[in-house]
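The primary structure of each chain is shown beneath.
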There are 2 protein chains.
Amino acid sequence: MATGRTHRPATRSRGIPEATVARLPLYLRALTALSERSVPTVSSEELATAAGVNSAKLRKDFSYLGSYGTRGVGYDVEYLVYQISRELGLTQDWPVVIVGIGNLGAALANYGGFASRGFRVAALIDADPAMAGKPVAGIAVQHTDELEKIIDDNGVSIGVIATPAGAAQQVCDRLVAAGITSILNFAPTVLSVPDGVDVRKVDLSIELQILAFHEQRKAGEDSTGHEEGADAVPQPPVAPHRTAAGSPGADSSGRQGPDGDVPAVMPA
Amino acid sequence: MATGRTHRPATRSRGIPEATVARLPLYLRALTALSERSVPTVSSEELATAAGVNSAKLRKDFSYLGSYGTRGVGYDVEYLVYQISRELGLTQDWPVVIVGIGNLGAALANYGGFASRGFRVAALIDADPAMAGKPVAGIAVQHTDELEKIIDDNGVSIGVIATPAGAAQQVCDRLVAAGITSILNFAPTVLSVPDGVDVRKVDLSIELQILAFHEQRKAGEDSTGHEEGADAVPQPPVAPHRTAAGSPGADSSGRQGPDGDVPAVMPA
DNA sequence: ATGTCTTTGTGAACGCGTGCACAAAGATGG
DNA sequence: CCATCTTTGTGCACGCGTTCACAAAGACAT
């Protein structure tokens, strides 16, 4: 999972559960594909398979939107596409600004999936003066100084942060002050925002770490269970005793983590 | 949320809940920052704030790993960094291949967050013969024909798919056949994989759609509640009657969605 | 019109995740 | 050695999300 809302713990937005909202785009994509193949109707079973979910879950999800199906037949594809689009707010145009036009920001600007669903890249913003004016994905990059003006002029309410981690909070604060109320954060940092502002985050590194966890478990499930080495490598806390508060790294030599696949002992 | 495992419904991997595993990288990042500042110990309250979670949740998460804290003091930063790294499998080296070196693939190859946590980009693979040999992020791109050999030679078990949606399943199948057991998928498609293979997905478009939903709700929460227009725009299903099965779009003119912010009536 | 068959919509049970609140553990000071 | 104070670890309850299973609804055939 590369995401997770930060505030708004489980607000059950308008009777529609958060988990359901997160799946609606999935259904919409599957339905759009069917629509392009001119399929008139689809059963919950078929659509669920296409979206990769359980059919019961799909039916319950749709039940939050209303009774849009016909028993014995299924769902009208075109009609459902419209209803979900409307529910997600995709029947209107959403101008978006991308802040931080590095490798990732440029890739996002070029990403076709944005424009295809009502999201329009209104502006690209970068702090590097050398970037200003250079066209990326057909749009001239603008300097951070213009941030507030750009957002105000275009009525932007969604911002994408693709800056380095160090700059993210600062950029976030400016976006929020300028009126942005929804943020998609690609920087590996926890952003703090006032109530009323939604933050979703995508962290590539975290996704890989979760995969590594499962991968490790798969690899070691035939062994003793887990580690078997006996030599304690990283030193147990040995009763911290609050040693002055200094002694920086203490005995752990290199900072960049005690890597190397040294086995460790379970300390209890 | 840009993610979600596909198979392995809720396997509670080795006593550690999936939700906890997903948060471990978050803790690890916060702890690494503290470690760099040579902070020796940290309380659950402080660390929770830094990671953006509840302190009770953090303590419960850590309790699954073992009793690594000292009551009255807190947690030893260095020790905890090591324990979490080990639990996540980050004490070993994970070679990764990236398939699809377009804008996104190139951005991923350049992304520093990969290398910083034990993930090493072993190879970049693309189907375009013109790309072969061209260096991206200091690594020469190789052709898809070499895929199986590359994976076998380097003992790669984690693959990243950054191809267009149309090619994703095919690439996925080849990766799995070649021995890959963990996949991070950036293509907007549902991948089907055999049991034992983990898939996590990151979908930029879906994240934006979820934000749009909440944004729309915020915008319209002072109005009548929701829509108020009376003219039904998209046509209700009017009893499908299973009309032959032809009449493709029927009356809905343009395919690419009935956009424009037409208000709609709630059909019941 | 009646019966059969398909598929939806949902009531109910279950399990996971979250958060509260507190007892146990250990540090610290006298 | 005892008292006090801090902070962990966790039992418990609650709520959300998932899944099952089935009744109701409508299509379709005769």
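Above: the structure in question.
An account of the accompanying structure is given in this report. Every chain is numbered on its own, with residues counted from 1 as its sequence reads. In the order they appear in the text, chains get letters beginning with A and ligands get numbers beginning with 1. It should be noted that, the model being predicted, local features are given only for residues of pLDDT at least 70 and side-chain atom pairs only at 80 or more, the latter also being counted only at that level, while totals for whole chains, interfaces and linings use all residues. Hydrogens and waters are ignored; side-chain quantities use all the structure's heavy atoms.

## Observations concerning the overall build of chain A
- Note on conventions: DSSP H or I runs of at least 4 residues are helices, E runs of at least 2 residues are strands, and numbering of each starts at the N terminus. Check the secondary structure of chain A and you find nine helices and 10 strands.
- Counting the 268 residues in chain A, one finds 48% classified as buried.
- Throughout, a residue-residue contact means that at least one pair of heavy atoms, one from each residue, lies within 4.5 Å. Within chain A, contacts between residues separated by at least 24 positions form 60% of all contacts whose residues are at least 6 apart in sequence.
- Methods summary: accessible areas were calculated by the Shrake-Rupley approach with a probe of 1.4 Å, and residue burial reflects only the protein chains presented. Carbon and sulfur atoms form 53% of the exposed surface of chain A, whose accessible area is close to 11,800 Å². The buried label goes to any residue with under 20% of its type's maximum accessible area, the exposed label to any with over 50%, and the partly exposed label to all in between, with areas taken from a 1.4 Å probe on protein chains only.

## What to know about the pairing of strand 9 (residues 182-185) of chain B
Residues and elements named next belong to chain B.
- The alternating pattern of strand 9 places Ser182 and Leu184 and Ile183 and Asn185 on opposite faces, both of which are buried.
- Pairing between strands is defined by DSSP: at least two bridges between the two strands are required. Sheet topology note: the strand 8 (residues 158-161)/strand 9 ladder contains four bridges and is parallel. Across the sheet, residue glycine 159 finds its bridge partner in strand 9, namely isoleucine 183.
- In the classification by handedness, the crossover that spans strand 8, the intervening helix 8 (residues 165-177) and the parallel strand 9 is right-handed. A clockwise path from the first strand over the helix to the second, with the strands pointing away from the viewer, defines a right-handed crossover.

## Things to note about the sheet that holds strand 8 of chain B
Residues and elements named next belong to chain B.
- The seven strands lie next to each other as 6-7-5-4-8-9-10, forming an open sheet whose pairing is mixed. Each edge of the sheet is formed by a strand with only one pairing partner; in this case those strands are strand 6 (135-136) and strand 10 (198-201).
- The pairing of strand 4 (residues 94-99) with strand 5 (residues 119-126) spans six bridges and is parallel. Residue pairing for strand 5: valine 99 is matched across the bridge by isoleucine 125.

## Quick word on the protein's contact with DNA strand C
- Around DNA strand C there are 26 residues in total, and Ser44 and Tyr75 of chain A together with Lys57, Lys60 and Arg71 of chain B lie nearest to it.
- Restricting attention to atoms of DNA strand C within 4 Å of the protein, one finds that 65% of them are sugar or phosphate atoms.
- Any pair of N or O atoms that falls within 3.5 Å is considered a polar contact. Within protein, one atom must be able to donate a hydrogen and the other to accept it, and sequence-neighbouring residues count only if both atoms are side-chain atoms. Within the contact set of DNA strand C, a base oxygen lies 2.8 Å away from a side-chain nitrogen or oxygen of lysine 60 of chain B.
- Mapped by element, the contributors of at least two residues to the surface near DNA strand C are helix 3 (55-65), strand 2 (69-70) and strand 3 (74-76) of chain A together with helix 1 (18-36) and helix 3 (55-65) of chain B. If even one non-hydrogen atom of a residue comes within 4 Å of a molecule or strand, that residue is called near it.

## Let's talk about helix 3 of chain A
Residue and element names in this part refer to chain A.
- Considered for burial, the residues of helix 3 that qualify are Ser55, Leu58, Asp61, Phe62 and Leu65. In an axial view of helix 3, the angular spread of the buried residues amounts to 120°, which keeps them on one side of the axis.
- At its buried positions, helix 3 is contacted by helix 1 (18-36), helix 2 (44-51), strand 3 and helix 4 (77-88).
- For helix 3, the N-terminal capping position is held by asparagine 54, with its side-chain oxygen 2.7 Å away from the main-chain nitrogen of alanine 56. Taking the helix axis as origin, the arc is that swept by the directions to the C-beta atoms.

## Things to note about the packing of helix 2 (residues 44-51) of chain B against helix 3 of chain B
All names here are of chain B.
- Convention adopted: a line fitted to C-alpha atoms gives each axis, helices being fitted over their contacting stretch, and angles between N-to-C directions are expressed from 0 to 180 degrees. In contact at an axis separation of 8 Å, helix 2 and helix 3 are set at 105° when each is read in the N-to-C sense. One element, helix 2, and the other, helix 3, form an angle in the roughly perpendicular class. Along its contact with helix 2, which presents Ser44, Glu45, Leu47 and Ala48, the element helix 3 presents Ser55, Leu58, Arg59 and Phe62.
- When the residues that make up the contact of helix 2 with helix 3 are grouped by side-chain class, the tally is four nonpolar, two polar and two charged. For classification, angles of less than 35 degrees are called roughly parallel, those exceeding 145 degrees roughly antiparallel, those between 65 and 115 degrees roughly perpendicular, and all remaining angles oblique. Residues are grouped as follows: nonpolar covers Ala, Val, Leu, Ile, Met, Phe, Trp, Tyr, Cys and Pro; charged covers Asp, Glu, Lys and Arg; every other residue, Gly included, is treated as polar.

All we've got here are geometric facts, nothing functional implied.
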